[in-house]
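Observations on the three-dimensional arrangement
In case you want the letters, here they are:
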Amino acid sequence: MSYQARFSQWLMHWLSETGASTESCYYLHLVLLALGLILVVALIDYISRNIILNIVARYAKRSNNPYDDILVEMRVFKHLAHVVPALVAKEGLTFVFQDYTTLISPIVAIIFFVQAVLRAAKTLLLNSEDFKDKPIGSYTQLLNIINYCVGVLFIISNLTDKPLWTLLTAFGALSALVILTFRDTILGLVASIQISGNDIVRIDDWIEVPKYGADGNVSEINLTTIKVKNWDNTVTTIPTYVLINDSFKNWRGMEESEGRRMKRAVNIKISSIKFCTPEMLEQYKKIDLIRDYVVKKESEINDYNTKKNIDKSILANGRNLTNIGIFRKYLSLYIQQHPKVNKQLTMMVRQLPPTDKGLPLEIYCFTLDKQWVDHETIAADIFDHVLATVPSFNLEIFEGPSGKDLQAMVGAG
């Protein structure tokens, strides 16, 4: 006979000697054994946690390895320490409640231990250079769901005394309901695999999803959602599968390239565009950046017109320079010599189709600095110069009539 059985018999005999009825002795015997088990498990749990955690804490403090600190922070060892008293509780429950053998206590402890391990693994991988831009959260969440599902199945199997395979067969019949219930989770899982496998989105990528009002850096990729920290410091949460089903813009290509595109136009008033007179050409020759071009083109055009015996009393005859053409050439030379424009990428100044707001003259180039604030500053500096030099070429910028203009027109009438 085991010592547990002898102790149980002694306790029952002692209760009987107190004069209590047989039924009362039975229930008191059960209560006292349960209280004793609680005290023993609590004591073992206290000793287990203090011994393991103190040893680990001292080691982590002396160690220079950051990984053990993360394991301590994520309470992996704390949950591991609960496994020992849980096993003791399992044996004790078998003894106290002999008719109800159960594995629930150690199963629950193991579930929480695995959960802590997954949290620690997520933190460790996200701190690694190789995995920090991967959707690790999606995979740890999936494993956590599997952990809970398997744990619940084991608990149900233990309580009902049914084999695990029988339960799995029964749940298979409910697969349609499961798929409907976990639709977003399943779609998110498939989307996460596609996103990771095709390298569509990474952590810290700048993306735009206009449909959901998202415009900022990806801060987190989970199984069912993606969090985007917008530039106004708000956070937008969008379903993971949206990035597979819908269109969106990822700025990673720009950030990894050699420059950031600048594409801006200034609208020139069409009535200010004219052929260049000799006086205008003499004025333009005083501009250092364009002097050589004007001299060369003037000589070339004069030779052509003389050779063809062109009547220049009418400017429309023959070849002529225009102020808009010279200004366009000036802007091309200006961006080519600008120190903050990438000379290896496309650079051009082009005319767009005229509109009721004038003739758009567009500068298309790439700045070397790709940071948003710096890029906008460079673009603003370039167009400060563009707007200031327009009058030097006898051109005008188109502006819609203001209130004062309308008052002047009425007054003049």
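The structure this text deals with has already been given above.
A quick note: this is a predicted structure, and the numbers were derived from the prediction, not measured. Numbers given to residues run from 1 along each chain, matching the order in which its sequence is written. A pLDDT threshold of at least 70 governs which residues receive local features in this predicted model, and a stricter bar of 80 or more applies before side-chain atom pairs are shown or counted, although totals over entire chains, interfaces and linings include all residues. Water and hydrogen atoms play no part in the side-chain values, which are based on all heavy atoms of the structure.

Notes on the nonpolar core
In summary, soluble globular proteins display a tendency toward joint burial of nonpolar side chains. Worth spelling out the cut-off: The criterion is simple. A nonpolar core is a set of buried Ala, Val, Leu, Ile, Met, Phe, Trp, Tyr and Cys residues joined through side-chain atoms within 4.5 Å. The cut-offs for exposure are 20% and 50% of the maximum accessible area for each residue type, with area from a 1.4 Å probe on protein chains only; residues under the lower value are buried, those over the upper are exposed, and the others partly exposed. Strands are runs of DSSP state E lasting at least 2 residues, helices are runs of H or I lasting at least 4, and numbering of each runs from the N terminus. Any two residues whose heavy atoms approach within 4.5 Å are treated as being in contact.
With 32 residues, the main nonpolar core has I326, F327, I363 and I382 as its most contacted residues. Only strand 6 (260-268), helix 12 (278-284), helix 13 (288-307), helix 14 (323-336), strand 8 (359-367) and helix 15 (372-389) provide two or more residues apiece to this core. Looking at this core, the element that brings in the most residues is helix 14, giving seven residues. Sequence-distant contacts of I382, that is, excluding residues within four places in its chain, are made with M262, Y334, H338, V341 and I363. Within the second largest apolar cluster, 15 residues are counted, among which are I195, I203, I207 and Y241.

Let's talk about the packing of aromatic side chains
The cut-off we apply is this: Each pair of aromatic rings taken from Phe, Tyr and Trp, with Trp reduced to its six-membered ring, is defined by centres within 6.5 Å and is described as stacked if the planes are under 30 degrees apart, edge-to-face if over 60, and tilted in the remaining cases. Definition used: whenever NZ (Lys) or CZ (Arg) falls within 6 Å of the ring centre and also within 35 degrees of the ring normal, the charge is taken to sit over that ring.
Considering all chains together, one arrives at nine aromatic pairs under this definition. Note on F327 and F393: the rings are 5.1 Å apart at their centroids and 50° apart in plane angle, and the pair reads as tilted. A residue pair is termed long-range when its members are at least 10 positions apart, and F327 in helix 14 and F393 in the loop between helix 15 and helix 16 (403-412) qualify at 66 residues. Using a relative accessible area of 0% as the deciding quantity, one classes F327 as buried. On the numbers, 5.9 Å between centres and 80° between planes, the contact of Y364 with F366 is edge-to-face. Pairwise contacts between aromatic rings join Y284, F327, Y330, Y334 and F393 into one cluster. Over the face of the ring belonging to Y304 we find R319, whose NZ or CZ atom lies 5.3 Å from the ring centre.

Considering the pattern of salt bridges
This is how the line gets drawn: A pairing counts as a salt bridge when a side-chain nitrogen of Lys or Arg comes within 4 Å of a carboxyl oxygen of Asp or Glu.
One pass over the structure, following the stated rule, counts eleven salt bridges. A salt bridge links E396 to K269; the shortest N-O distance between them is 3.6 Å. With E396 in the loop between helix 15 and helix 16 and K269 in the loop between strand 6 and helix 12, the pair connects residues that are 127 residues apart, well separated along the chain. For E396, a relative accessible area of 42% corresponds to the partly exposed category. By relative accessible area, K269 is classed as partly exposed at 33%. Among the ionic pairs, D288 bridges to R291, the shortest N-O distance being 2.5 Å. With D288 and R291 both in helix 13 and three residues apart, the pair spans about one turn of that helix.

Thoughts on a nonpolar patch on the surface
For clarity, the threshold we go by: Only residues above 30% relative accessible area that lack a salt bridge enter a patch, with like-charged residues linked at up to 9 Å and the nonpolar side chains Val, Leu, Ile, Met, Phe, Trp and Tyr linked at up to 5 Å. For the accessible areas, the method is Shrake-Rupley and the probe is 1.4 Å, while residue cover comes only from the protein chains on display.
Taken together, the side chains of L43, Y46, I47, I51 and I55 present a nonpolar region at the surface, about 490 Å² in accessible area. On the secondary structure map, Y46 appears in helix 2 (residues 22-62).

Digging into the pairing of strand 1 (residues 206-209)
The side chains of a regular strand alternate between the sheet's two faces. Where we set the bar: Should DSSP find at least two bridges between two strands, the strands are taken to pair.
Where strand 1 meets strand 2 (residues 214-221), four bridges bridge the pair, whose relative direction is antiparallel. Its bridge partner lying in strand 2, E208 is registered against D215. Joining the antiparallel neighbours strand 1 and strand 2 is a turn of four residues, in which G213 adopts a positive phi near 70°. As judged from the two bridges shared by strand 1 and strand 5 (residues 249-250), these two strands associate in the antiparallel manner. By the bridge assignment for strand 5, I207 is matched with N250.

Brief notes about the packing of helix 13 against helix 14
Quick reminder of the rule: In this description, a line fitted to the C-alpha atoms serves as the axis of each element, helices being fitted only across the stretch in contact, and the angle between N-to-C directions of two axes falls anywhere from 0 to 180 degrees. With respect to orientation, any angle under 35 degrees is reported as roughly parallel, any angle over 145 as roughly antiparallel, any angle of 65 to 115 as roughly perpendicular, and every other angle as oblique. In this scheme the handedness of a crossing depends on how the near helix is turned from the far one: anticlockwise by less than a right angle means left-handed, clockwise means right-handed.
At a minimum axis separation of 9 Å, helix 13 and helix 14 run at an interaxial angle of 125°. Of the possible angle classes, the one that applies to helix 13 and helix 14 is oblique. In this structure, helix 13 crosses over helix 14, and the sense of that crossing is right-handed. Counting all contacts with helix 13, which are made through L289, I290, Y293 and V294, the residues of helix 14 involved are I326, K329, Y330, L333 and Y334.

Examining helix 15
What counts, and what does not: Helix span is expected to be 1.5 Å times the residue number reduced by one. It is the directions from the helix axis to the C-beta atoms that the arc portrays.
Compared with the 26 Å implied by 1.5 Å per residue over 18 residues, the 26 Å span of helix 15 between its first and last C-alpha is a close match. What helix 15 keeps buried is the set H375, I378, A379, I382, F383, V386 and T389. For helix 15, the buried positions fall inside an angular range of 125° around the axis, keeping them on one side. The exposed residues of helix 15 that point more than 90 degrees off its buried face are V373 and A388. Here the buried face of helix 15 lies against strand 6, helix 14 and strand 8.

A word on the sheet that holds strand 8
Two orientations exist for strands paired in a sheet by backbone hydrogen bonds: parallel and antiparallel. Across the sheet, three strands lie side by side as 6-8-7; this open sheet has antiparallel pairing. A strand with exactly one partner marks an edge of an open sheet, and here the two such strands are strand 6 and strand 7 (348-351). Averaged over all adjacent pairs, the angle separating strand axes in this sheet is 20°, with direction ignored. The pairing of strand 7 with strand 8 spans four bridges and is antiparallel. If you follow M348 over to strand 8, its bridge partner there is Y364. In this fold helix 14 packs onto strand 6, strand 7 and strand 8, with an angle of close to 10° to the strand it touches most, strand 8.

A few points about helix 14
Between its terminal C-alpha atoms helix 14 stretches 20 Å, which fits the 20 Å expected from 14 residues at 1.5 Å a residue. A large share of helix 14 lies buried, amounting to ten of its 14 residues. Looking only at helix 14, the buried set comprises N323, I324, G325, I326, F327, Y330, L331, S332, Y334 and I335. Check the buried side of helix 14 and you find it contacts strand 6, helix 12, helix 13, strand 7, strand 8 and helix 15.

Some details on the packing of helix 14 against helix 15
Quick note on the threshold: Each residue gets one label: Ala, Val, Leu, Ile, Met, Phe, Trp, Tyr, Cys and Pro are nonpolar, Asp, Glu, Lys and Arg are charged, and the others, such as Gly, are polar.
One can describe the packing of helix 14 onto helix 15 by two numbers: an axis separation of 12 Å at closest approach and a directional angle of 155°. Here helix 14 is positioned roughly antiparallel relative to helix 15, judged by the angle of their axes. The handedness of the crossing between helix 14 and helix 15 is right-handed. Every residue of helix 15 that contacts helix 14 at F327, Y330, L331 and Y334 is listed here: I382, H385, V386 and T389. Residues of the contact of helix 14 with helix 15, tallied by class, amount to six nonpolar, two polar and no charged.

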